[in-house]
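Given next are the chains, with one letter for each unit.
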Amino acid sequence: QFLGSLTLSGAKLAGTADIDVDGDFTVTGFAASTIVGTGAFRTYGSTRLEMAGAGTQALRMGPGRAWTNSGSMTISGESQIVLGHVETGDLAGGGGRLVNEASGTITLAGSSALPFVEVRPSVLDNFGTLRKTSSSTQTVALSTFNTATGGSVAVGAGVLRLGSGGASGTTF
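Now for a quick tour of the structure. No experiment lies behind these values; they were computed from the predicted model shown.

Below, the discussion takes up the overall build of the protein chain. For the protein chain, the count of helices and strands is zero helices and 21 strands. For 172 residues, the compact-globule estimate of 2.2 N^0.38 gives 16 Å, and the protein chain sits close to it at 15 Å. Summarising its shape, the C-alpha atoms of the protein chain cover approximately 40 × 35 × 30 Å along the three principal directions. Per-residue burial over the protein chain gives 43% buried out of 172 residues. Restricting to contacts in the protein chain with at least 6 residues of sequence separation, those with at least 24 account for 54%. Total accessible area on the protein chain stands at roughly 7100 Å², and carbon and sulfur atoms take up 53% of it. If the 10 positive side-chain charges of the protein chain are averaged to one point and the 11 negative ones to another, these points end up 5 Å apart.

See the structure below:
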């Protein structure tokens, strides 16, 4: 399924088809949004998580839906991405996976202490750029964080803590 753009605000997207978002992908609102099911989820344009409200707000990704980012992603406010989210009655195994392609950039611009978290062991593979611009201390709380040769991690402000496992083919 090819979409020119997609906006979620407290919504749930489910199904078995691959989803390709060529333009803007925006997550807003005061309640969590969820993407579950099977098939690939790929973003090519500008992705913005701009959730607000009391406490941390999340985009929850189910374990059967791997996300590949080839564009620019900005996580702002109290937003976070929850990988490996399990719906009630969902027996799908495994954790979640987010792949930031060589052309992709993920910018941590928000105040959430945990911009990435997992329900089940999950992976962030960084072939592109992970950039932190907010002044707060943030932790990538995933079982595995890999940065491939050619990938980069740039901390322009604050402190960035990485989870306990993974590999690096580059220098931080």
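Now, onward.
Quick look at the sheet that holds strand β16 (residues 123–126) now. The strands that make up a sheet pair up through hydrogen bonds in the backbone, lying either parallel or antiparallel. Spatial strand order, β1-β4-β7-β10-β13-β16-β19: seven strands in an open sheet with parallel pairing. One side of each edge strand has no neighbouring strand; the edge strands of this open sheet are β1 (2–3) and β19 (144–147).

With respect to the helices, strands and loops of the structure, T107 is situated in strand β14 (residues 105–108). Contact partners of T107, with chain neighbours within four places excluded, come to M73, T74, I75, R131 and T133.

All right, on to the pattern of salt bridges then. Enumeration over the complete set of coordinates arrives at five salt bridges. With a closest N to O distance of 3.8 Å, D24 and R48 form a salt bridge. Here R48 lies in strand β8 (residues 46–51) and D24 lies in the loop between β4 (19–21) and β5 (25–29), a separation of 24 residues in the sequence. The residue R48 makes a salt bridge to E50 at a minimum N-O spacing of 3.3 Å. On the basis of relative accessible area, E50 is assigned to the partly exposed category, the value being 37%. Each of D18, D20 and R42 takes part in salt bridges that share partners, so that together they form one network.

What follows is about the nonpolar core. In terms of nonpolar packing, the biggest core is built from 28 residues, with F25, F41, L59, W67, I81, I106 and F116 touching the most fellow members. For this core, the secondary structure elements donating two or more residues are β2 (6–8), β4, β5, β8, β9 (57–61), β11 (72–75), β12 (79–83) and β14. When neighbours within four sequence positions are excluded, F116 is seen to be in contact with I75, I81, L98, I106, L108, L124, T139, V140, A141 and L142.

Rules of the game
Residues numbered from 1 in each chain as written. Predicted model: local features only at pLDDT ≥ 70, side-chain atom pairs only at ≥ 80, totals over all residues. Heavy atoms only, no water. Helix = DSSP H or I, 4+ residues; strand = E, 2+ residues; numbered from the N terminus. Rg over C-alpha atoms; globule rule 2.2 N^0.38 Å. Buried < 20%, exposed > 50% of the residue type's maximum accessible area, 1.4 Å probe, protein only. Contact = heavy atoms within 4.5 Å. Areas by Shrake-Rupley, 256 points an atom, 1.4 Å probe, with all protein chains shown as cover. Lys, Arg positive; Asp, Glu negative; His and termini not counted. Charge placed at Lys NZ, Arg CZ, Asp CG, Glu CD. Pairing = 2+ DSSP bridges. Salt bridge = Lys/Arg side-chain N within 4 Å of Asp/Glu carboxyl O. Core = buried A, V, L, I, M, F, W, Y, C linked by side-chain atoms within 4.5 Å.

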